[in-house]
Amino acid sequence: MTTTVDGPPDTGAGAPARGASSLVEAVFRAREISIAGALALLILGTYLANPRFLSGQGVRDLLLNASILVLLAVGQSAVVITRNIDLSVGSVVGLAAFACGRFVAGTDHGVLAVLLLGAAVGVVCGLVSGALVSFGGVPALVVTLGMLYIIQGVDYWWARGDQIGAAEVPDPVLRLGSGSVLGVPYLPLIALVVLAATASFLRDRASGRELYAIGSNPEAALLAGIPVRRRILAAYVFSGAVAGFAGALWLARFGTVVADNAHGWELTVVSAVVVGGVAITGGTGTVWGAALGALLLTTIGSVLVVLKVDSFWQGALTGALLLLAIGVDRVVNLRMTAALRKRSARHGNGV
Amino acid sequence: MNQPAEDPPPAPAPAAPVLALRNVSKSFGAVRALHEVSLTLRPGEVHALAGENGAGKSTLIKTLAGVHRPDGGQLLLDGAPVAFHGPADARDAGIAVIYQEPALFPDLSIAENIFMGRQPRRRLGRIDHRAVRGATAALMRRLGVGLTPDRPARGLSIADQQIVEIAKALSFDARVLIMDEPTAALTGAETARLFSVVRTLRDEGAAVLFISHRLDEIFELCGRVTTLRDGRLIASEPLAGLTADALVRRMVGRDLDDLYPKQDATVGEVALSVRRLTREGAFRDVSFEVRRGEIVALAGLVGAGRTEVAQAVFGVDRADAGEVRVDGTVLRPGSPTAAMAAGLALVPEDRRQRGLVMEMSIERNIGLTGLGELRRHGLVRRALERDRAADWALRLRLTYHRLADAVGVLSGGNQQKVVLAKWLATGPSVLVVDEPTRGIDVGTKAEVHRLLSASAADGLAVLMISSDLPEVIGMADRVLVMREGRLVAELPRGSATEETVLAAAAGVGGRAAP
Amino acid sequence: MGTESETRGAADAARTRGSLVRGLALRWDTAVGVLLVAVFAIGLGSTDGFGSADNLAFAFDDIVEVAVLALPMTLLVVAGQVDLSVASMLGLGSALTGALWNAGWAFEAIVPVVLLAGAAGGLLNGWLVTRVGLPSLAVTIGTLALYRGLASVALGSDAVTGFPQKYADWAVDTTTVPGTFLTYPVLLFAVLAVLTAIVLHATGLGRALFAIGAQEEAAYFAGIRVKRIKLLLFVVTGLFASFTGVLFTLRYGSARADNGLGFEMLVIASVLLGGIDFDGGKGTLFGAVAGVLLIGVLKNLLTLNDIANEVQVIVTGLLLVASVLTPRVIAAFVERRHRRAADSPS
């Protein structure tokens, strides 16, 4: 028999040092590049139609608006990568924002305490959802739908129509939402830090890679000795913590909170993540892509305003974009599998 | 047996056992899967595990792999008792299991698949991606294969997936390699490559436990064999001096004189006629006929396009060109419904995914192909459905508790009988069977052969795809051989031998007549 | 329980658990039926006015859209699919009705157009699922946003009123079928429920749905036209959804783009509460109907007892979680008892 050794096996020294796997990444980097391209085109087109869109204030608003969605998309990505979904994030933001509002109203609590409280509220919600999904073994969609209801109900019940106004929120907290360093607002910076840290974790940590492994093939992950349940739980806790944290930032940004803050955002978040190339079937995608997806959806919203298009179109566009993204994913995936199968046919048959 | 090191052997001293089971028992509810079974694995040996389906082989493997915990008895690692609390424990002890269909992460690269959970780290616990890829490349060189570390596992052939699993075993210096029917889906060349890798590992001092339904492979590769029957240890002995018949006797507990009970049948008119059938990337210009009363085998290596032809004939895959006729009626391409209406039936290779709805009852599975006939005023007649199922269960000597039980609880052989019943119940004129006896025990195998033979004698046209050469030779009136998507030979019963079929399938020796 | 060592025998355990869950699911729908009767009895005993004909007419009429939507949803979930866009299609149906009415169309002409739009929306869902090969969950999350968005585009934030009295009278809860406390929409639901039950449990199509939900490939290899059936299901679901849009509009006398917002959750909660397995292949229509009625009766009782709307939202959420969690918890408990029983003699 002959064993074929074509292809360069000496990938050790000469090959590019970076990249978990360049071939896989190349495909998905292509996705990120194409979204970035679409985003650039969209911005450029809108700028040509209305130059005010790229004024200092315009960009600031865009970044501020995108920050919270980016954060939520980062948290959601960790869950979706494990082939699960967290539909409760919108209501977690609402509950955390309201809890933080109640906590600071008329007091002089510090920024750190508010952020920690927000994250803590999110952690509790994430723990419940995550425990039900991972240890209860029930479908994520159903559980988190139920949690959406429960958290929303608790929030409404607690608020009873109250709202907290900016006048009651201490200044340092509001400054977090409106202040900036070197002209860059704090919120986008915070989102960027969380994004970079999560990206690094998912790429360079064993437990980060295990999230991909779980989403790619859950049975194989069990056989490989990966603590699947604990990892899924951790993903939900992370998503919850980020959502709670985002709730605290919501308070800082808007000053005013009512019970139905971020109501219905879960679908926007899921759309952003999927548009950004994180497959709803798990195992692939990066948080950078998800963040780009969030930026794209936010930008579309702003563009509609700038171009004076009826804002009612935004929902329909988000849905259409989501369908387009998963459709393209599917086609690319089929093509890639076919291409790889051909390659392996050339490799394998040493007859 | 207790102190093997002190035995004074004639040959080089057998090494101390690396892994052993001593009087291990394991039950699932009321079922005794293993009853006081002992097994000893030594470094540098390839040890076969033989037995029919349901003999307890899978349970034994899973016990060694840390998936099951034994109810009684001991697991000894280097002579000391151990308890595995999960697959990770077994892996840490240097035990690697390669399953028939490896479970890889399709979205991750080969390198990541191999090192998942054990990646080399840099500072601050970050994964050293470069080291992971370098180590993978080194493993691939050692195994003599040209798989690129970076390519994703998606789309790898089963043989390559097994290579990845073996590389994984090497990467943590596994001392025990357990291979559960690794060759079931491999071509001859792939099997040969796998065997050479296994021999290399053996010579490097690994202990290999090898499970296969193919006796020739056991004799070719292994030094010792342990035989299980009904969860009990029958024998553990060297293969040298053992005949295939003796081994089969140990496995089934009786003689199997008529494994291939081919009856002579009068050949009638053409029932299935395939003309220049083509599906791009799978097969080209395939033409043949099957007559009533005939069993025609479609032989060839895995990947030669046989299953693809069967699926295109039946219409679950759409052919790009060509024509299929059943009893003179031209079939609409890509329509299983049309094929069934014309009298065609397909027993697919993958019983669990394609042949049966595992959680549905026996009667409903059998009824699924006959919903049209079972209907009156649009409603399914349940009594008729049950009668029909009971009738076929009796004819096929199905072993079951109740017809309302899910087929999933039946043994593999009985499941295959349900698939056959489901299709024979449609009263087909052409039956296409794809690997009809794969993974079923020797006893049921003979029953399936008897059934096929009797059905052909009753005027059914049978097209049988099989990778089991003795089955092809034993059962077929004519053998068609495919290679690389083309029909390359047609051998009548008299001239079809394992050698001629294999030569045509592999494309070696004299070119067989088309 | 709860460490990775639990993963041992994962496949076998899952299989046993599967059959146990199935065994329980068969009894689960009965249990929901019993629970429904019990809640009903408690309501009669504890809450004044609950048993009055007026209230019962109101209670059932109040959830009639959810109940109607639960019928095709049951078929979808049995076939291993889901349609999250139903409530958005309800909204789109309502918005279209309002927009066309504003444009001066006759009501008799509006209804067929709305139904056609519903079928088209269902066709899009089905096409993406069967032809492009996308998971129905992802597709219908997208169309959930899309159809609700189109509803907003069609009608903005307007509310359209003043529909013909004869149709409005037919739909409102004060008109009942003579001699009963049932309203005409509820009667219509009852007829549709019986038809759906026959389709699911007594026809070849029903068998095919169970087979597709349990093992799609095997169903396809048995000659079942899997794609065509799925496509048909989505179209029927879209049709039903747009019809509930008209119904909702008439009952409240107001067409709005955000009508029925969030109803998809109630529909799915009802179906799952009734013991339809979210993974497909298991369940009975009786269970789904019992689930819907249970939610309706609970909602009515909570309202009658002046319990805040927010609490009702929480109760729905809890029911949803409990409906999927309880069978599994029981199964895990039974399995552990079995294991212990098996371990003890040896």
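Given the structure is predicted, the values throughout are model-derived calculations rather than measurements. (Residues numbered from 1 in each chain as written. Chains lettered and ligands numbered in written order. Predicted model: local features only at pLDDT ≥ 70, side-chain atom pairs only at ≥ 80, totals over all residues. Heavy atoms only, no water.)

Caption draft 1: Region of interest: the overall build of chain B. Counting secondary structure elements, chain B contains 17 helices and 22 strands. For the C-alpha atoms alone, the extent of chain B along its principal axes is close to 70 × 50 × 50 Å. Across the 514 residues that make up chain B, the buried fraction comes to 57%. Counting only contacts in chain B whose residues sit at least 6 apart along the sequence, the fraction spanning at least 24 positions is 66%. For chain B, the accessible surface area stands at approximately 20300 Å², while carbon and sulfur atoms represent 49% of it. (Helix = DSSP H or I, 4+ residues; strand = E, 2+ residues; numbered from the N terminus. Buried < 20%, exposed > 50% of the residue type's maximum accessible area, 1.4 Å probe, protein only. Contact = heavy atoms within 4.5 Å. Areas by Shrake-Rupley, 256 points an atom, 1.4 Å probe, with all protein chains shown as cover.)

Caption draft 2: A look at the overall build of chain A. For chain A, the count of helices and strands is 13 helices and 2 strands. Classification of the 351 residues of chain A by burial places 56% in the buried group. Restricting to contacts in chain A with at least 6 residues of sequence separation, those with at least 24 account for 78%. Summing over all exposed atoms, chain A offers an accessible surface of approximately 13900 Å²; the carbon and sulfur share of this is 66%.

Caption draft 3: Representation of the interface of chain C and chain A. Taken together, the contact between chain C and chain A spans 44 residues of the former and 40 residues of the latter. Contact between chain C and chain A buries roughly 3700 Å² in total, counting both sides, with carbon and sulfur atoms accounting for 82%. Three residues, Ile 141, Met 265 and Glu 310 of chain C, lead the burial of chain C against chain A; their summed loss comes to 15% of the area buried on that side. Counting the contacts that link chain C with chain A gives 0 salt bridges. Linking chain C with chain A are 4 residue pairs in polar contact (both at pLDDT 80 or more), by the criterion used here. Residues belonging to the side of chain C that touches chain A are distributed by class as follows: 28 nonpolar, 12 polar and 4 charged. (Buried area = accessible area lost by both parts, 1.4 Å probe. Salt bridge = Lys/Arg side-chain N within 4 Å of Asp/Glu carboxyl O. Polar contact = N/O pair within 3.5 Å; in protein donor to acceptor, adjacent residues only side chain to side chain. Nonpolar A, V, L, I, M, F, W, Y, C, P; charged D, E, K, R; others polar.)

Caption draft 4: Representation of the pattern of salt bridges within the structure. Residues and elements named next belong to chain B. Counted according to the given criterion, the structure contains 39 salt bridges over all chains. Its salt-bridge partner being Glu 280, residue Arg 284 comes within 3.2 Å of it at the nearest N-O pair. Given the relative accessible area of 52%, Glu 280 is considered exposed.

Caption draft 5: Examining the sheet that holds strand S14 (residues 321–326) of chain B more closely. All names here are of chain B. If you walk across this open sheet you meet the 4 strands as S12-S11-S14-S15, and the pairing is antiparallel. Whereas interior strands pair on both sides, the edge strands pair on one side only; in this sheet they are strand S12 (283–291) and strand S15 (329–330). In this structure, strand S11 (residues 270–279) lies alongside S12, joined through 6 bridges in antiparallel fashion. Bridge pairing links Arg 279 to Phe 283 in S12. Packed onto the sheet, helix H9 (residues 306–314) meets S11, S12 and S14 and runs at close to 70° relative to S12. (Pairing = 2+ DSSP bridges. Axes fitted to C-alpha atoms, helices over the stretch in contact; angles between N-to-C directions.)

Caption draft 6: Broad picture of the packing of helix H7 (residues 186–204) of chain A against helix H10 (residues 228–254) of chain A. Residues and elements named next belong to chain A. Interhelical geometry of H7 versus H10 gives an angle of 170° and a closest axis separation of 12 Å. In terms of axis orientation, H7 runs roughly antiparallel to H10. Together, Leu 187, Ile 190 and Thr 198 of H7 and Phe 238, Phe 245, Leu 249 and Arg 253 of H10 make up the contact between the two elements. (Parallel < 35°, antiparallel > 145°, perpendicular 65-115°, else oblique.)

Caption draft 7: Up close: the nonpolar core. Of all hydrophobic cores here, the largest spans 213 residues; its most connected members are Ile 226 of chain A, Phe 105 of chain B together with Met 73 and Ile 224 of chain C. No other element matches the 13 residues that H10 of chain A contributes to this core. If you count residues domain by domain, this core takes at least three from each of domain 2 (105–151) and domain 4 (357–427) of chain B. (Core = buried A, V, L, I, M, F, W, Y, C linked by side-chain atoms within 4.5 Å. Domains from an automatic or database assignment.)

Caption draft 8: Structural view of the sheet that holds strand S16 (residues 344–347) of chain B. All names here are of chain B. Strand order in this open sheet of 6 strands is S16-S19-S20-S13-S21-S22, and the pairing throughout is mixed. The open sheet is flanked by S16 and strand S22 (486–492), the only strands paired with a single partner. Direction aside, neighbouring strands of the sheet carry axes that sit 20° apart on average. Of the strand pairs in this sheet, strand S19 (residues 430–434) and strand S20 (residues 461–465) are connected by 5 bridges, and their pairing is parallel. In the strand pairing of S20, Asp 434 is matched with Ile 465. Contacts from helix H14 (residues 412–424) reach S16 and S19, with the element oriented near 170° to S16.

Caption draft 9: Examining the domain arrangement of chain B more closely. When cut into domains, chain B gives domain 1 (17–104 + 156–252), domain 2 (105–151), domain 3 (256–343 + 428–514) and domain 4 (357–427). Inter-centroid distance (C-alpha atoms) of domain 1 of chain B to domain 4 of chain B is 35 Å.

Caption draft 10: Fine view of a nonpolar patch on the surface. Residue and element names in this part refer to chain A. Among the surface-exposed residues, Leu 44, Tyr 47, Leu 48, Leu 54, Val 59 and Leu 63 lie close enough to one another that they form a single nonpolar patch of about 510 Å² accessible area. For the nonpolar patch, the secondary-structure elements that each account for two or more residues are helix H1 (22–49) and helix H2 (56–81). By residue number, the principal contributor to the nonpolar patch is H1, which donates 3 residues. Within the element layout of this structure, Val 59 appears in helix H2. For Val 59, a relative accessible area of 31% corresponds to the partly exposed category. (Patch = residues over 30% accessible without salt bridge, like charges linked within 9 Å, V, L, I, M, F, W, Y side chains within 5 Å.)

Caption draft 11: Structural view of the packing of aromatic side chains. Tallying each qualifying case throughout the model produces 13 aromatic pairs over all chains. Considering the side-chain rings of Trp 250 of chain A and Trp 265 of chain A, the 5.4 Å spacing of their centres and the 70° angle between planes classify their relative orientation as edge-to-face. Residue Trp 250 of chain A is located in helix H10, and its partner Trp 265 of chain A is located in helix H11 (residues 265–275); the two are separated by 15 residues in the primary sequence. On the accessibility criterion, Trp 265 of chain A (23% relative accessible area) is partly exposed. Aromatic rings pair up to connect Trp 101, Phe 107, Phe 163 and Tyr 167 of chain C into one cluster. (Phe/Tyr/Trp six-rings, centres within 6.5 Å; stacked < 30°, edge-to-face > 60°.)

Caption draft 12: Highlighting unusual backbone geometry. Although it is not a glycine, Glu 36 of chain B adopts a positive phi angle of roughly 45°. A positive phi angle, close to 60°, is found at Asp 306 of chain C, a residue other than glycine. If you trace the backbone, Asp 306 of chain C turns up in the loop between helix H13 (285–304) and helix H14 (309–343).

Caption draft 13: Main features of the pairing of strand S13 (residues 295–300) of chain B. Residues and elements named next belong to chain B. Within S13, 6 of the 6 residues are buried, which leaves it mostly tucked inside the rest of the structure. Where S13 lies against S20, 4 bridges are found, and the strand directions are parallel. Bridged to Ala 297 within S20 is Met 464. With 5 bridges connecting them, S13 and strand S21 (residues 478–483) associate as parallel partners. Within the sheet, the bridge partner assigned to Ala 299 lies in S21 and is Val 481.

Caption draft 14: Spatial organisation of the packing of helix H3 (residues 89–104) of chain A against H11 of chain A. Residues and elements named next belong to chain A. At a minimum axis distance of 6 Å, the contact between H3 and H11 shows a crossing angle of 125°. In this view, H3 runs oblique relative to H11, as classed from their interaxial angle. Between H3 and H11, the contacting residues are Val 89, Gly 90 and Ser 91 on the first element and Trp 265, Glu 266 and Val 269 on the second. For the contact of H3 with H11, the residue count by class is 3 nonpolar, 2 polar and 1 charged.

Caption draft 15: Examining helix H6 (residues 188–203) of chain B more closely. Residue and element names in this part refer to chain B. For H6, built from 16 residues, the straight-helix expectation of 22 Å at 1.5 Å per residue is met to within 8% by its first-to-last C-alpha distance of 22 Å. Within the sequence span of H6, burial applies to Glu 190, Thr 191, Arg 193, Leu 194, Phe 195, Val 197, Val 198 and Leu 201. Looking one or two residues past H6, Gly 205 carries a phi angle of roughly 105°, positive in sign. (Expected span 1.5 Å × (residues − 1).)

Caption draft 16: Fine view of the environment of Ala 421 of chain B. Residue and element names in this part refer to chain B. Within the secondary structure, Ala 421 is located in helix H14. Residues Ala 421 and Val 330, spaced 91 residues apart in sequence, show a C-alpha to C-alpha distance of 26 Å. When sequence neighbours within four positions are dropped, the list of residues in contact with Ala 421 reads Ile 366, Trp 392 and Leu 396.

Caption draft 17: Layout of a positive patch on the surface. Taken together, Arg 330 of chain A, Arg 318 and Arg 332 of chain B together with Arg 131, Arg 225, Lys 227 and Arg 228 of chain C make up a surface patch of like positive charges. With respect to the element layout, Arg 131 of chain C can be found in the loop between helix H5 (107–130) and helix H6 (136–155). (Lys, Arg positive; Asp, Glu negative; His and termini not counted. Charge placed at Lys NZ, Arg CZ, Asp CG, Glu CD.)

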